[in-house]
Amino acid sequence: MNENTTNSQDVSMTATPSEIKSVQSFINQTWTDRYSTEISHEMLTLFWSIIVSIFTIGGLVGASVGGTLAIRFGRKGTLLFNNCFAILAALLMGLSSPSGAFELIIIGRFLIGVNAGIAICAQPLYIGEIAPRALRGAMAMGTSVFITGGILTGQVIGLKELLGKEEYWPILLSTTCIPAVLQLLTLPWFPESPRYLLIDRGDDAGCQKALIWFHGQEKYHGEREDMEKERVSAVGVKPKKPWELFSDRSVHWQLLTLLVIHTSQQLNGINAIYFYADYVFTQAGIPEDKIPYATVGTGACECITALTCGLLIESLGRKALIIGGYSLMGEASPWVPYLSMVCVFAFILSFGLGPGGVTNILTTELFTQTDRPAAYMIGGSINWTSFFLIGMIFPFIVTGLKQYCFLVFLVICCLVATFIFFVVPETKNKTFLEIQSNFHSRKKLFAANGTDGPLLTTAM
C-alpha cells in the first residue's frame, strides 16, 4: 500500500486482499467496541470507499495550491514544507490502531493525498529548472523512476514475509514518513532553483551561486545565457494564475496538449490494468496466496521501463517515446482472454516506456517560467479529477463489458498518439523559448488554413 504515488495507482489497486481485510477488520472491531454491535456491510463498504477516494480528493486539493506555493515559497521551500503533511499523515495513520479511531486513517489519507498533489507540482518544477538543457529529459525522468520505485517498494514491504501480516498494517501505513524524513535531511543542502531566483525573484547573486553549485564554475555560462533571454522576454510579466492562462491566446495549443496528455494518463487504462490484474492472474491459474508476488512483478516491470525511458529519452526524444508508448498500449490491451496475462505485462511496460514518464517532462517544457506553475496546477487538477472519475466508473464499465472494456482504452490510446504526432513538436535539447516559438509557428500555420486553433477563450 504505497501512499506516495500519483500517476498510476492508489491503495485500492495496490493493496493485497489481506491488507484490505486487515483494515476492514479493524473498522469492524472499532465499531463493535463503540456501539456493541457489528457494523453493517453497507456501512463498512462506505467507510472503505471513503478511505480509498479521500486520497484522490487530497491530491486534487494539493495540486490546486501546489503552483501557488511554488511561486510564493520557491520550489525548494515548497518541497520542504510539504513534508509536514506526509509526517503528520504517517503519525495519524500509525496511531489509528492503538487509539481505536479509524477516522484517523481517513484524515491521514487526505493529508498524504495533499502531499502527493503538491509534490507532483513542485518536484518536476524544481528538477526541470535545475537540469542542464541536454539532460533535462533524463533528469526529469527521476520523478517517474522514484514513483515507480515507491510503488515497487510498497508492494514488496506489503508481502506477508515483511509488513504484510495483519498486526503490522499500522506500521505499513506509517512508512509514508520515511521519504519525507530523508528529504528533510538532504534537500536543505541543495540550492533553490536558479531559474526561479533570477526570473521570479530577480536575485542575480543567488542565481549565480546556485548555477555554479549545480553546473560548476566553467560550465554554467550557457545555462545563464538561456535564463537571461527568458528573463528579458518576461520583463513586466507576473506569474499567471490558472484562469489567466486560459484567457491567454498565445498558449492555447499548449493548454490543449496539457489537457490531452494529463487526461489520457489516467484514462489510458493503466489503473484498469491494476484493477484487472488479480482477476487475470487468477484465471491464469496462479494460487491466491501467490498473487501478491505476481503483483510485485508488475511493479518491477513499470520501474524497469521508467529507468529504460530515462536512458533513451535524450537519444530518441520525447515525441517518439510517448507516441510509441500509447501505440503499444493500444496493441497490448488485454481484450483477448487467452493472451491476457502477457498483455497485462506488455501494457505496463508500454506505459512506463512513454506516457508514465514523458507526460510530466512535457508539462515542464511546453511552458515558460511565468506560465509553468499555473500549467502544473491545471495539469495536476486534470490528472487527479480523471483519477477520481476512472475509479468511480471503471467498476461499472468492467461489469458491463468484461475484458472488452479495454477496447475503450485502445481507442483512447490511438487517438492520443495521433494527436501528439500532428500537434506536439519535439522538445529534445531545445530551450523553453525555442519550444514556445515552435508552437507559435504552428499557430500561424493553422491561422493560414482558416483556424486560430482550439477554442479555449473562456476564462475559468
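Residues numbered from 1 in each chain as written. Predicted model: local features only at pLDDT ≥ 70, side-chain atom pairs only at ≥ 80, totals over all residues. Heavy atoms only, no water.

Draft legend 1. Structural view of the packing of aromatic side chains. For the coordinates displayed, the defined rule picks out 10 aromatic pairs. Between Trp31 and Tyr35, the ring centres sit 4.7 Å apart and the planes meet at 55 degrees, which makes this aromatic pair tilted. Within this pair, Trp31 and its partner Tyr35 are both found in helix 2 (residues 17-35), separated by 4 residues, close to a single helical turn. Ring centres of Phe421 and Phe422 lie 5.0 Å apart, and the angle between their planes is 90 degrees; this geometry places the pair in the edge-to-face category. An aromatic cluster is present here, built from Trp31, Tyr35, Phe47 and Phe102 joined pairwise through their rings. Over the ring of Phe432 we find Arg372, and its NZ or CZ is 4.2 Å from the ring centre. (Phe/Tyr/Trp six-rings, centres within 6.5 Å; stacked < 30°, edge-to-face > 60°. Helix = DSSP H or I, 4+ residues; strand = E, 2+ residues; numbered from the N terminus. Lys NZ or Arg CZ within 6 Å of the ring centre and 35° of its normal.)

Draft legend 2. Quick look at a nonpolar patch on the surface. Taken together, Ile87, Val181, Leu184 and Leu185 make up a surface patch of nonpolar side chains, about 310 Å² in accessible area. No other element matches the 3 residues that helix 9 (residues 177-186) contributes to the nonpolar patch. (Patch = residues over 30% accessible without salt bridge, like charges linked within 9 Å, V, L, I, M, F, W, Y side chains within 5 Å. Areas by Shrake-Rupley, 256 points an atom, 1.4 Å probe, with all protein chains shown as cover. Salt bridge = Lys/Arg side-chain N within 4 Å of Asp/Glu carboxyl O.)

Draft legend 3. Layout of unusual backbone geometry. In the Ramachandran plot, Ser36 falls in the positive-phi region, its phi being about 55 degrees despite a non-glycine side chain. Within the element layout of this structure, Ser36 appears in the loop between helix 2 and helix 3 (41-73). Phi at Asn429 is positive, roughly 60 degrees, even though this residue is not glycine. Examined against the element boundaries, Asn429 turns out to sit in the loop between helix 21 (406-423) and helix 22 (432-448).

Draft legend 4. Representation of the environment of Phe190 in the model. In this fold, Phe190 is placed in the loop between helix 9 and helix 10 (194-200). With relative accessibility at 36%, the residue Phe190 sits in the partly exposed group. Residues contacting Phe190, with those up to four places away along its chain left out, are Lys76, Tyr126, Trp213 and Phe214. (Buried < 20%, exposed > 50% of the residue type's maximum accessible area, 1.4 Å probe, protein only. Contact = heavy atoms within 4.5 Å.)

Draft legend 5. Representation of the UniProt feature "transmembrane region" (unreviewed entry) in the protein chain in the model. What UniProt calls "transmembrane region" (unreviewed entry) maps, in this numbering, to residues 46-71, 78-95, 101-122, 134-157, 169-190, 335-354, 374-397 and 404-424. Within the segment residues 101-122, helix and strand shares are 91% and 0% respectively, and the terminal C-alpha atoms sit 33 Å apart. Taken end to end, residues 134-157 is 88% helix and 0% strand, and its first and last C-alpha atoms sit 36 Å apart. (UniProt positions renumbered as here; feature names shortened; annotations may be inferred.)

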